[in-house]
Structure formats: structure tokens, C-alpha cells
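Here is how the chains run, residue by residue.
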Amino acid sequence: MAGERASDGGEEGSDMVEPPDAQKQGRPAPSDVPEFASAEFAAVYEYLHTSERGLSSEDAHDRLALYGPNALPSESESRILKFLSFLWNPLSWAMEVAFLMAVVLTDAVDAFLILFLLLLNACIGYYEEHSSGEAVKALQAQLEAQCTVRRDNQWTELPARDLVPGDIVKLHIGGVVPADCKMLPGDSMSVDESSLTGESLPVKKCTGDELKSGCMVKVGGCDAVVFATGSNTYFGKAAKLVQGTEGSGHFQKVLKRIGYGCIVLIVIFVVLELIVQFGVRRKPCTGVLEGQCTSLSNTLVLIVGGIPVAMPTVLSVTMAIGAAYLAKEKALVTRLTAIEELAGMDVLCSDKTGTLTLNELSVTEPIPLAEGITPEEVLRVAVLASQSEFHDPMDHAILNANPTLTEATNGSYTLYHFTPFDPVSKRTVARVAETGGGETKQFRACKGAPWVILDQSSNKDVVAAGYEHIEALGAKGYRALGVCKSENLDGEDTWITLGLIPLFDPPRVDTEETIRRATELGIRVKMITGDHLTIAKETCRMLKMGDNVLAGSALIETSEKDRFALCESTDGFAGVFPEHKYEIVKILQQKQGSVQHVVGMTGDGVNDAPALAKADIGIAVADATDAARGGVYYWMNLCCAHFSLRITIVCEEQKLYF
């Protein structure tokens, strides 16, 4: 069937438009690529000017020069300009004017003190941000991916950043897909797309399917042809949206308002001073030395007295103390103002998978369907139909559901043959027999998609009840796994359905308590996930976050004027895309009357990156993708995945400020 899927799209793929100018020069175009998932392999090879033998080193070198590295684009910033940026704000402007006037008046003491405060504030800010920025760069360097690529018809290990369109790569269990590519003929495999979509269950991929950069291979492996790298990948497009986010944080806006207010007051009083001195008292300036220009001396006094000269320095020192504390708590602050943003945050948007939950499938109490069958018997047969060596997440969950039962079962039965899961049959089958005690009859144990198990069932009396249980479990956010057995080693009409096993991605142990603490601190936690609505609702219910969870489509269907009320009132959104998360954060940041939220966002995947960049305070966890880390480059990176750490940090920062 996999081969048929690849060939079925051949007619559509053969009608691909003529590639742009880049291909006419013997190179595939870096953008405007066709639908590779539906194209024939011959057409793909022709478009990319490659073959199953891969590229030559010379051709790859030329393409690397043409397209650039397979990495997120980054802009280097001048250290001098970075330092000077700390001297470019309204309060600093007023102090700089005061410094120039003190120099003109030859007031060395005032000039020295003002310059000292200006430079001290700039040095503290620059040092803290530069240090944390270097720490983040070092962390990203440690995470640089390697990949197996075919060059000069030989397999070799290369940095993933050196991949170009047309390369042939080998993917294996545990590896990350380094670029957008198309699966070449071979076995099917499972990939974890949770960093892209928020979906915690692995997705099956077959020959000809498209693989997105950033996915992790969970089961199997394959060869694939690269058709998009760098900013042209799904991963890269999310990064572009991150780079498109601009604006200053809430704390910076407050400082600007204070600065502009001080400047306006200073200007008013300086104008009054000049009117009084020149218009009323008629005392013109005869020079700039002491006593020769009263207006100039008084203006300096007004400027110095009209601005909180020490405020920037006091704030910088306070935030530096906060940054030192966060470092001890394994949090890297990549912009010093994130400290105050944390203390003032009142809305925290959180991803579900891997943040509020463990991102690990967990087994709950099995549901027997056949008469006389116990939950333990259902789980035992499921254990017989599972193998740890295939690294399947469902097999892992079954084998670890009851370690004692698993150990006893494996010791009591002999495995003769095992058929791993494939996307066609949607099941695993094991041929086993009890160990010892003379001759024992072999039988088949099977587990798989519940509708597949029920449809092949010979005991039809359990089918209706089975579907009712599946619907009930789905309403609670559970996935179901069907279990059956057959005493006959041949034939498909002898299966006896035993029961169902509910599967769920459980919340972290401390998440419920952490959310309670957040509520006490005045922070409302909202779940924003790409997972299914029913699963999101059940997770919210378990964590006592409320059950007012809406589908991402509700945001689009709501008029713009009502979107703020919708986002503020809901407990979360499910089935959302990266642009939805970005839009939700943007809407919550809008000022509505006297309401002005300071919005935080936490996540780890590509689908979280745009929202992380837009939020007032973005938080990326330890195992976040480069896109997510790029999104929070201006705010904070955590070296720990625990949700509780975020609230602990907020609590401590509130103590620091309030």
C-alpha cells in the first residue's frame, strides 16, 4: 500500500511547473517547491538534480554557497552598539543633557557623578545580558545536530547545518529529521511530531510521505531525499514569524512613560525659568562661569532634580540580584528586564505536551469486554503482544504499566514469532506458548487500533459495548488500545476480543499544586495546545484549571472586537497552529480600558516559537528546539523542564520587587 501511495500521486507530480531560474542554472530552487509528498520519485530527482546515490562533494559545496547553511538565520550585533543601547532611553537622554550642561558650566563634580551613574547602569545591563547570551550560545553549540548523508556515493557523518536540497540522508531511531525531506522506498516508521504540532502520539510515515524538520524518529528508519533546508523548511517558516515579532516589554514601556513624563515636566519648568529670568527679572547671560548665567545654572538644577537620577542604577542592581538567583535555579535570563516582567506577569499561557504533562503514554485500568476475562488477563495478553526492542511508545507504556506482571509473563511464556506494528494492519501480533510443563499449545496474542480489533472479532456480542467504551474514553481524552487472542495460528476469523486498554499522557506530579500556587499569586494559567480538544479538556479537568477549553477555530470564527473577551474568559485552546498561539498572546497583550495584562508563554517546540517571541516573558525549557530558544533569545531559557520551577521563580521575583 505504501508503494501504491507513492505512485498514486505520480500523475499530479508529473504536472509540476517548470522550476525557477535557480534550477535552470543546474540547481533546485530554494523556495516555491512543488508538492513533494504527492510527486513521483523520478520527478523529484529531476527537479532537485540528484539521484538515489546522492550529491558529489563539489555539487554540495556549490549548493551550500547558493542556499546557505541548514540553520536558523541569525544576525550578529555589534558589542559597541549593544553597550550604547543601554544609554538610549528617555531617562538616559535627560541625564546626558545634564552631563553636557555640567561640562559647559565647568561643574566637574556634578559631571563626574552623572557620567558615573550613566556608565554604571549601562555596564551592569550589558554584562548581565552578554553573560547570559554567551551561556545560551554555548548551550546551543552543545546541541548541534549531526546527520548521516550520502556524498560521493558514500555514507558519511556531517553537521546538519551542511545539508543542501538534493542530499540523501539516513534516518534512524532516536534521530531528529534534519531538514524537510521525502521518504524513499523502504519500511514504514513512526515519528514524534509533538514539537511541531503538540500531538503526543507518534505518527506513522510510509514511503513517499513528507517528513518535517524537527521531528524525532521513534520507531524504524529510512532513507530520504532533502528538498528544503534552513528558512525554507516548516521549522524555518516558524522562525521567520519569530523574527517578525517586534516591540518592547512591559517594563521598558513603563520606564519610557516615566522618562517622557519627566522630560515634559522639565521642559515646562525650564521654559518658566527662562521666562522669569529673561522676561521678568531681565537677567541676560554674560558667560558660562559661575554667577554669569543664572538661567543655565538653574536649568541644570531642574534637569538633575527633575529626573530620578539613581533609579536606572537601582533597578539594574535589583535585576542583577534577581538574575543571580535565577541562575542558581537553573534559569538563564537573556535580557535583564525579564526579571521585572516575571514579577509582574498575570497571565501564563502554557503548552500542554511535555510542559503540563510528561509527554509519556500511561496505562490506566484495562476494561474487559469478554465474559470471564479480568483486567489482569487483558494486560497480560497485551504484554505478550509487546516488545521493548522496537522502541514503540505504546509497547513501552504496556510493558511498564505493571512491571511485576510483565516480568512474570515474560518468564512464563516463550515467544516464537513477533510481527511489529505497521500502518496497514494497525496491530502487533505475537505467536507464543506457555513455557515448561510438557507440550503446550501455541496461540496468538494481538493488540492494536480498537476499531481494527473489534472489526476482526469473532465474538460479535462485545462489539457494540466496545465502541461505546471507545466513545466514552475519547470524551475523557483517553486513547484506547484493543486486545484480542486466537487459539488458531491461521485465519482472521478466530480472534476473540478480550478488552480495551486506556492510554493517557498524564500530568506531571506537581502540576496541579503548581497551578494552585500560581492562582494564589494572581497568575491565571491558560493551556494552549495543538492536541485534540477532548484530551485538552480532560487534562484541564484533572489539573483543576477549568473546563472552558475551545478549539482553535473558535478564534477565527469570532469577530476581532470580541476576541479579547474570548481569550480572557477561556481556560485554554486546543487544536491550534503556531499562528494561533501567536495571535492569542498578541490579543491578550492588548489594552482594554484599564486592563493591561503582562503575558508569559512557556513551551519547547517549533509550534511554540512565534508565541514565545511575542510574549512579554517567553520561557523555553531544557529540551526546547532551536526555534523555541530563538524565540526567547530576548527573555529567558530554563535548564529544567519542570513547570513548578516557573512559578517558584515568579514567587521569588515578586518577593524581590514587592
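Use the structure listed above.
Just so you know, these numbers come straight off a predicted model, no measurement behind them. (Residues numbered from 1 in each chain as written. Predicted model: local features only at pLDDT ≥ 70, side-chain atom pairs only at ≥ 80, totals over all residues. Heavy atoms only, no water.)

**Let's talk about the pairing of strand E5 (residues 189-192)**
In regular strands, side chains alternate between the two faces of the sheet.
Inference 1: Burial along E5 is two-sided: the residues Met-189 and Val-191 and Ser-190 and Asp-192 are all buried.
Inference 2: Two elements, E5 and strand E6 (residues 203-205), share three bridges in a ladder whose sense is antiparallel. Within the sheet, the bridge partner assigned to Val-191 lies in E6 and is Val-203.
Inference 3: The sheet contact formed by E5 and strand E8 (residues 216-219) spans three bridges and is antiparallel. The partner of Ser-190 across the bridge, within E8, is Val-219. (Buried < 20%, exposed > 50% of the residue type's maximum accessible area, 1.4 Å probe, protein only. Helix = DSSP H or I, 4+ residues; strand = E, 2+ residues; numbered from the N terminus. Pairing = 2+ DSSP bridges.)

**Observations concerning the packing of helix H16 (residues 375-384) against helix H18 (residues 403-412)**
Two measures define how a pair of helices packs: the angle their axes make with one another and the distance between the axes.
Inference 1: Where H16 contacts H18, the axes come no closer than 10 Å and their chain directions differ by 60°. Classified by the interaxial angle, the pair formed by H16 and H18 is oblique. Crossing hand, H16 versus H18: right-handed. Residues Glu-376, Leu-379, Arg-380, Val-383 and Leu-384 of H16 form the contact with H18, whose participating residues are Leu-405, Thr-406, Thr-409 and Asn-410. (Axes fitted to C-alpha atoms, helices over the stretch in contact; angles between N-to-C directions. Parallel < 35°, antiparallel > 145°, perpendicular 65-115°, else oblique. Left-handed = near helix turned anticlockwise from the far one by under 90°. Contact = heavy atoms within 4.5 Å.)

**Quick notes on the packing of aromatic side chains**
Inference 1: Scanning the entire structure with this criterion turns up five aromatic pairs.
Inference 2: Consider the rings of Trp-93 and Tyr-260, whose centres lie 6.3 Å apart with planes at 55°: the pair is tilted. Of this pair, Trp-93 sits in helix H7 (residues 90-104) while Tyr-260 sits in helix H11 (residues 250-280); the two residues are 167 residues apart in sequence, bridging distant segments of the chain.
Inference 3: The aromatic ring of Trp-155 is capped on one face by Lys-170, whose charged end is 4.6 Å from the ring centroid.
Inference 4: Here the guanidinium or amino end of Lys-182 rests over the ring plane of Phe-41, the centre of that ring lying 5.1 Å away. (Phe/Tyr/Trp six-rings, centres within 6.5 Å; stacked < 30°, edge-to-face > 60°. Lys NZ or Arg CZ within 6 Å of the ring centre and 35° of its normal.)

**Description of the packing of H16 against helix H17 (residues 393-401)**
Inference 1: Where H16 meets H17, the axes come as close as 9 Å, and the angle between the chain directions of the two elements is 130°. Here H16 is positioned oblique relative to H17, judged by the angle of their axes. Judged by the sense of rotation from one axis to the other, the crossing of H16 with H17 is left-handed. On the side of H16, the interface is formed by Leu-379, Ala-382 and Val-383, while H17 contributes Ile-398, Leu-399 and Ala-401.
Inference 2: Each residue belonging to the contact of H16 with H17 can be placed in one class, and the counts come to six nonpolar, no polar and no charged. (Nonpolar A, V, L, I, M, F, W, Y, C, P; charged D, E, K, R; others polar.)

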